[in-house]
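What follows is each chain in one-letter form.
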Amino acid sequence: MPFASHFPVMLRTEDGVRIDAAHTPSRRTDVGIVLAHGFTGSWRDRTARRIVHVLSGYGGVLAFDFRGHGRSGGLTTVGDLEVLDVEAVVRHARVVGYSKIAIVGFSMGAAVAVRHAGLRGGVDAVVSVSGPARWYYRGTRPMRQVHWVIERPVGRWAARIAKRTRIARGPWDPIPMPPHEAVALITPTPLLIVHGDADTFFPVEHAEQLYAGARDPKELWVEPGYGHAETAATPELIGRIGKWISANLS
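What the chain contains, in helices and strands, is nine helices and eight strands. A separation threshold of at least 6 residues defines the contact pool for the chain, and within that pool the share at least 24 residues apart is 72%. Computed over 30 positive and 23 negative side-chain charges, the separation of the two mean positions in the chain equals 7 Å.

Looking now at the packing of helix α4 (residues 141-151) against helix α5 (residues 153-163). Relative orientation and spacing of two packed helices are given, respectively, by the angle between their axes and the distance between those axes. Here α4 crosses α5 at 95 degrees, and the two axes come no closer than 5 Å. Here α4 is positioned roughly perpendicular relative to α5, judged by the angle of their axes. Across the interface between the two elements, W148, V149, I150 and E151 from α4 touch P153, V154, G155, R156 and A159 from α5.

With that settled, the discussion passes to the packing of aromatic side chains. Here the structure, examined in full by the defined rule, presents four aromatic pairs. Relative to F202, the ring of Y137 lies with its centre 6.1 Å away and its plane at 45 degrees, an arrangement referred to as tilted. Taken together, the positions of Y137 in the loop between β6 (125-129) and α4 and F202 in the loop between β7 (191-196) and α7 (204-213) put the pair 65 residues apart, joining distant regions of the chain. Stacked on the ring of Y211, the Lys or Arg K218 has its end atom at 4.2 Å from the ring centre. Its guanidinium or amino end placed over the ring of W221, R240 lies 5.0 Å from that ring's centre, counting from NZ or CZ.

Quick look at the pattern of salt bridges now. Tallied over the full model, the rule gives 11 salt bridges. Notably, a salt bridge pairs E14 with R120, separated by 2.5 Å at the nearest N-O pair. Taken together, the positions of E14 in the loop between β1 (7-12) and β2 (18-24) and R120 in the loop between α3 (108-119) and β6 put the pair 106 residues apart, joining distant regions of the chain. Exposure remark for E14: the relative accessible area of 48% places this residue in the partly exposed category. Salt bridges here are not isolated pairs; linked through shared partners, they connect D15, R67 and D85.

Scoring rules and cut-offs
- Residues numbered from 1 in each chain as written.
- Predicted model: local features only at pLDDT ≥ 70, side-chain atom pairs only at ≥ 80, totals over all residues.
- Heavy atoms only, no water.
- Helix = DSSP H or I, 4+ residues; strand = E, 2+ residues; numbered from the N terminus.
- Contact = heavy atoms within 4.5 Å.
- Lys, Arg positive; Asp, Glu negative; His and termini not counted.
- Charge placed at Lys NZ, Arg CZ, Asp CG, Glu CD.
- Axes fitted to C-alpha atoms, helices over the stretch in contact; angles between N-to-C directions.
- Parallel < 35°, antiparallel > 145°, perpendicular 65-115°, else oblique.
- Phe/Tyr/Trp six-rings, centres within 6.5 Å; stacked < 30°, edge-to-face > 60°.
- Lys NZ or Arg CZ within 6 Å of the ring centre and 35° of its normal.
- Salt bridge = Lys/Arg side-chain N within 4 Å of Asp/Glu carboxyl O.
- Buried < 20%, exposed > 50% of the residue type's maximum accessible area, 1.4 Å probe, protein only.

Written out as structure tokens, the structure is:
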């Protein structure tokens, strides 16, 4: 099945970073869905386009590349200043004419979605998929590899060459509010936390910590056999997320 047609958009954040985005309209014209990808991802990836295709059945989709990723400018701060990227896309969704806006974030994008909804607000539903609850987690081999890429010059060079991901040097200063704290600030916006019991990056306890820190209205889906983020997400799961968005933005 061919992907839905999309229209390129170039946005600019409050701190002047250029953000490469795309708008995929839908028959449902009141709901806008902002899609936030994971670390080293891009809205142009085939996996992301598949997700956009399914979600466009439930609302117009605005997908984008975080700073330091793909064709966007700047350097990635891996979850900190990316809140400004989401804000720019949400602002554009309002300008386009969407009266109700949901954010669907995967992995790093999930952390950013939670932090944006808690710290900036202005959205009507939040979906966190495969997201971390706290920073600096190294309890799995894939996450130890991610930290090596972020912290080592040769790792940053490899990410730039192989994934077109440009990573900012040096530690956070100050350390941004972690997702498990920001999630308490989302209420009364509906929150859906989705996590796989086969996630090799973040174990289910991250989802449970987010859920425990959140206030109602909230839901937790622990998906049997689901791995991590976009690459493991089935059309069936994305369709259920789309139905949840429709039910909460009716």
